[in-house]
Amino acid sequence: MATMTSTDKVDTDAILEKTRALRPLIESLADEQEQQRRMPEQLVDALHEARLFHLFVPKAYGGLQVDPMTYMRVVEEMSSIDGSAGWTLMIGAGAGQFAGFMQPGVAAEVYRDERAVVAGKVEPTGKAVAVDGGYQVTGRWTFGSGIHHATHVGGGCIVFDGDQPRPGTGGLPVVVRLALVPKSDCEILDEWHVSGLCGTGSETFTMTDVFVPEERTFLPFFDTPQQEGPLYRLPLTFLLAQVPLVPLGIARHALDILEELAATKVPMRMGAPVPLRERPRAQAEIARAEALLGSARAYLYESVEEMWDSLLRGDEATMMQRTKMRLATCNAAIASAQAVDIAYNLGGGTSIYKKSQLQRCFRDVHAATQHAAVAPDGMENTGRVLFGLDPAGPMF
């Protein structure tokens with residue numbers, strides 16, 4: 001179990017209690033969030049009041065700067081109440097870690113606003129043409145979760161010198177920068193019409209010939225951190241490991257719903273009319289689902305704690321620690337979806353009604369597992385390392 005220094009110590013229980021206290025509000029707004037396709041302003045206000053969007057923001061800028069496990073438990077707890085709420089928090093709070101890589105003057109300006117939230121996408125689908133003092137940025141980015149309540153937006157870009165991409169270093173074929181701009185510099189497109197995680201507001205956004213000063217560009221996890229502390233020395237692998245926290249929470253919710261439903265549901269099938277919970281097949285399946293979920297969750301947390309312990313000692317994350325975390329990341333998402341499938345299938349016809357939370361859990365978890373962080377090639381990459389090969393690409 002990881003230990004923390006006195007300067008890093010936070011009251012995890014108090015933060016978790018604030019999160020749990022939001023349950024009635026989140027549940028009352030769940031349908032509205034689904035229909036609006038974004039987080040309702042009332043819930044955004046509540047998350048700001050609880051300071052949950054600033055979990056990873058450095059203390060130097062008024063943030064909480066919590067340890068990874070506290071953040072993970074909060075996101076998982078929120079996701080166990082509602083998948084869209086959990087995902088939106090995961091993105092908004094997770095981006096607070098980027099502040100550790102911003103130039104101090106830029107970060108101080110951004111987080112002067114107590115309601116500051118950074119949204120966007122690191123994937124470099126934009127183009128940043130070098131000019132005096134910075135870059136002219138043009139691009140189109142998808143999946144800008146939480147962009148409606150964000151104050152600033154970051155878009156990953158490939159840097160160009162004239163018409164040619166600038167050659168990269170440190171394992172990157174080209175130079176990549178995250179261009180940070182006020183949200184007003186972006187155009188938000190109404191394209192988030194999806195099957196699951198509907199309430200995350202993960203809209204497409206564009207920038208057209210926007211000048212971004214050099215000091216407002218950086219590359220989190222690759223650039224030298226501007227803030228001290230192990231939180232900002234975590235590798236890119238940890239950013240990917242945040243994604244399965246939402247499926248883990250969704251799966252917990254689905255199994256809790258099923259366990260409550262099984263006490264009263266009498267399946268309309270041949271045989272004795274007994275409640276679902278008394279049927280041997282259902283008993284075996286719920287046990288399998290709990291084992292899937294519990295073991296996957298434990299492996300993910302173990303991998304993060306092991307790496308955190310190394311960073312606290314002043315060491316760097318090893319390749320094998322990164323490998324373990326990537327494997328645990330993909331495994332947690334896969335196992336969570338399997339657990340939800342078990343709950344959904346055992347729910348039978350009840351599961352398909354819109355009033356059933358099982359159908360939303362089913363839609364949400366399968367939307368979450370489409371994220372690149374938990375794609376099958378993650379398993380392939382860990383297998384390469386386990387066989388003694390170098391990982392393919394920088395996403396490790």
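For the structure, see preceding data.
Here's what I pulled together on the structure shown here. (Residues numbered from 1 in each chain as written. Predicted model: local features only at pLDDT ≥ 70, side-chain atom pairs only at ≥ 80, totals over all residues. Heavy atoms only, no water.)

## Some remarks on the pairing of strand S5 (residues 176-182)
So, point 1. Within S5, six of the seven residues are buried, which leaves it mostly tucked inside the rest of the structure.
So, point 2. As judged from the seven bridges shared by strand S3 (residues 152-161) and S5, these two strands associate in the antiparallel manner. Of the residues in S5, the one forming a bridge with Gly 156 is Leu 178.
So, point 3. As paired elements, S5 and strand S8 (residues 217-218) share two bridges and run antiparallel to each other. Paired with Ala 179 across the two strands is Thr 217, which belongs to S8. (Buried < 20%, exposed > 50% of the residue type's maximum accessible area, 1.4 Å probe, protein only. Helix = DSSP H or I, 4+ residues; strand = E, 2+ residues; numbered from the N terminus. Pairing = 2+ DSSP bridges.)

## Notes on the environment of Pro 104
So, point 1. Mapped onto the elements of the fold, Pro 104 is located in helix H6 (residues 104-110).
So, point 2. Note: C-alpha distance between Pro 104 and Gln 227 (123 residues apart in sequence) is 8.3 Å.
So, point 3. Setting aside anything within four residues of it in sequence, one finds Pro 104 in contact with Tyr 61 and Gln 226. (Contact = heavy atoms within 4.5 Å.)

## Things to note about the side chain of Arg 216
So, point 1. With respect to the helices and strands, Arg 216 occurs in the loop between strand S7 (203-213) and S8.
So, point 2. Residue class for Arg 216 comes out buried when judged on its relative accessible area of 13%.
So, point 3. Residue contacts for Arg 216: discarding those within four places in its chain leaves Val 106, Glu 109, Val 110, His 152, Leu 178, Ala 179 and Leu 180.

## Description of helix H4 (residues 68-81)
Residues separated by three or four positions in an α-helix point in the same direction, a consequence of the helix having 3.6 residues per turn.
So, point 1. With 14 residues, H4 ought to run about 20 Å at 1.5 Å a step, and its terminal C-alpha atoms sit 20 Å apart, in line with that.
So, point 2. Its side-chain oxygen 3.1 Å from the backbone nitrogen of Met 69, Asp 67 forms the N-cap of H4. (Expected span 1.5 Å × (residues − 1). Polar contact = N/O pair within 3.5 Å; in protein donor to acceptor, adjacent residues only side chain to side chain.)

## Section: the pairing of strand S2 (residues 134-144)
So, point 1. Bridge count for strand S1 (residues 118-131) against S2 is six bridges, and the pairing is antiparallel. Note that in S2 the partner of Gly 126 across the bridge is Gly 139.
So, point 2. What sits between S1 and S2 in their antiparallel hairpin is a turn of two residues, with Gly 133 showing a positive phi close to 85 degrees.
So, point 3. Examined bridge by bridge, S2 and S7 share eight bridges and lie antiparallel to one another. Within S7, the position partnered with Gly 139 by the bridge is Met 207.

## A few points about the packing of helix H2 (residues 23-36) against helix H3 (residues 41-49)
So, point 1. For the pair H2 and H3, the least separation of the axes is 10 Å and the interaxial angle reads 140 degrees. Considering their axes alone, H2 and H3 lie oblique with respect to each other. The element H2 and its partner H3 pack so that their crossing is left-handed. Here Leu 25, Ile 26, Leu 29 and Gln 33 of H2 come into contact with H3, specifically with Gln 42, Leu 43 and Ala 46. (Axes fitted to C-alpha atoms, helices over the stretch in contact; angles between N-to-C directions. Parallel < 35°, antiparallel > 145°, perpendicular 65-115°, else oblique. Left-handed = near helix turned anticlockwise from the far one by under 90°.)

## Observations regarding H2
So, point 1. The terminal C-alpha atoms of H2, which comprises 14 residues, lie 19 Å apart, in line with the 20 Å expected from a rise of 1.5 Å per residue.
So, point 2. The principal kink in H2, of about 45 degrees, is found at Ala 30.
So, point 3. Among all positions in H2, only Leu 25, Ile 26, Leu 29, Ala 30, Gln 33 and Glu 34 are buried.
So, point 4. For H2, the elements touching its buried residues are H3, H4, helix H5 (83-94) and helix H11 (357-368).
So, point 5. Phi turns positive one or two residues past the end of H2, at Arg 37, with a value near 65 degrees. (Bend = angle between axes of the 7 residues up to and from the residue.)

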